[in-house]
Amino acid sequence: MSRKLIDGSFGIKTRAVHSGNEVDKETGAIRRPITMANSYALPYDPSDLNWSSSEGGIYTRNGGANQRYLEQKLTDLESGEDCVVLASGVSALSAVFFTFLKSGDHAVFSDNTYIAAYRLLHELLPSKYGIETSMVDTSRIDEVRSAIRPNTRLIHIETPANPTLKISDIKEIAEISKSIGSIFSVDNTFASPCNQRPLELGANLCVESLTKYINGHGDAMGGAVIGNSNLIKRIRQEAMVNQGATASPFNAWLIMRGSVTLPLRMRQHNESALEIAKFLESRKEVRFVDYPGLESHSGHEIAARQMQGFGGVMAFGLEASNDAHNRFVSFLRVITSAVSLGHDESLIVFLGENDERRDLYPEHFRKGFFRFSVGLEDAFDLIKDISQALDKTFPR
Ligand SMILES: *Cc1c(COP(=O)(O)O)cnc(C)c1O
């Protein structure tokens, strides 16, 4: 497959536009088409083919055209050697865990993560497959170090973490991982490659939920793992060909299209989120705001070192009861109460004091809090919306 000469010497905005796209050879269209086909024409004598091959040209579960184009772009954006695109962010996470862990192995992972990472590493893999796991506060490097065992094969972190925005030091953990020869994977969903590139900081694998910022429009699910060719080849075989976590060509095409504007969108998310975080910090009804871009954030120093921007997600809590938090949400007119993040529209979720993982969150989160994903609306409209909802929740 010929490629446009878009290499690492080009800026990230140029790569987001051009990488993975080519003039279509058949029609001359300057956009690659959507190839909604399950199968590809076989050669004259197919008897020598490896039916599990993911080289392409057999069957879409083994790798389709649109998935490949997106893989090229994500490889470029994350500074990797190769990428595998899968059906969702969770399929990308389970691809890493199931490919690189076997019975008797040990994994260390962040105590604050996306819920499915917690389910897989804390419950499913230990109880069903005899895999040992240690859930630690990876924002504290000494806790990572002391969790290491002779059979530690994987260290998996999420930074910034969902939903608390905890920050872990990628470079420091990469050094620990390297010294013991384990695989180090980083869930980079909250940052996106515009704000943070874990592979450049020493991680072996970078996981993305494409559902969030990379697609950015809230209309397609996808996941990806980026890393060196050998590791990605194994994931492609095991998770995609043999476990079937393949992304649909249409979703890959949508994500390819959405990702063109990723750098511009991230710039706006970063800018608006900082402005809104500062506004929230100034309101006396707001009990706390955790946003890595604020100097008051415990991970600010590390975030400033390893990130190019602080992203669009923050957590905050009100000086109020659980019910008042729900009332606040009911007063919002622009911001939507729904899960997910990184969409064009602002989304808010209330995680109440009965949240299942409450004891794993930092102390100040335990009375209930919002995860707030700042969208692409005018920041002044969002501030106005929050402001009027606060006034109604706390009548004078
Ligand atoms: C949403 C999310 C995931 C899961 O992605 P899906 O595409 O919803 O499967 C994984 N990690 C993080 C940090 C997320 O926010």
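The structure reproduced in this document is the subject of the present report. (Residues numbered from 1 in each chain as written. Predicted model: local features only at pLDDT ≥ 70, side-chain atom pairs only at ≥ 80, totals over all residues. Heavy atoms only, no water.)

## What to know about the site of the ligand
As a structural note, the neighbourhood of the ligand is formed by 16 residues, with G89, D187, S209, T211 and K212 the closest of them. Contact distances for the ligand include 2.7 Å between a nitrogen atom and a side-chain N or O atom of D187. At a separation of 2.6 Å, an oxygen atom of the ligand approaches a polar side-chain atom of T211. A total of 390 Å² of accessible area belongs to the ligand in isolation, and the protein chains cover 95% of it. Judged by the proximity of its atoms to the pocket grid, the ligand belongs to the largest pocket. Counting residues per element, the shell around the ligand draws most heavily on helix α3 (residues 89-100), at three residues. Of the residues assigned to the shell around the ligand, the class counts are six nonpolar, seven polar and three charged. (Near = heavy atom within 4 Å. Polar contact = N/O pair within 3.5 Å; in protein donor to acceptor, adjacent residues only side chain to side chain. Areas by Shrake-Rupley, 256 points an atom, 1.4 Å probe, with all protein chains shown as cover. 1 Å grid on protein atoms, 1.4 Å probe; cavity = no way out; pocket = protein on both sides within 12 Å on 5 of 7 lines; lining within 4 Å. Sits in = over half its atoms within 2 Å of the grid points. Helix = DSSP H or I, 4+ residues; strand = E, 2+ residues; numbered from the N terminus. Nonpolar A, V, L, I, M, F, W, Y, C, P; charged D, E, K, R; others polar.)

## Comments concerning the pairing of strand β6 (residues 205-209)
Along any regular strand the residues' side chains alternate between the sheet's two faces. Along β6, five of the five residues are buried, which leaves the element largely enclosed by surrounding structure. The alternating pattern of β6 places L205, V207 and S209 and C206 and E208 on opposite faces, both of which are buried. Pairing between strand β5 (residues 183-187) and β6: three bridges, direction parallel. Each bridged residue has a counterpart across the sheet, and for S185 the counterpart in β6 is L205. (Buried < 20%, exposed > 50% of the residue type's maximum accessible area, 1.4 Å probe, protein only. Pairing = 2+ DSSP bridges.)

## A word on the sheet that holds β5
Pairing is mixed across the open sheet formed by seven strands, whose spatial order is β1-β7-β6-β5-β4-β2-β3. Looking at the sheet topology across the chains shown, the edges are occupied by β1 (82-86) and β3 (132-136). Each adjacent strand pair in this sheet contributes to an overall mean axis angle of 20°, direction not counted. Pairing analysis gives five bridges linking strand β2 (residues 106-110) to β3, with the strands arranged parallel. Note that in β3 the partner of F109 across the bridge is M135. Sitting on the sheet, α3 touches β1, β4 (152-158), β5, β6 and β7 (223-227), and the angle it makes with β6 is about 150°. (Axes fitted to C-alpha atoms, helices over the stretch in contact; angles between N-to-C directions. Contact = heavy atoms within 4.5 Å.)

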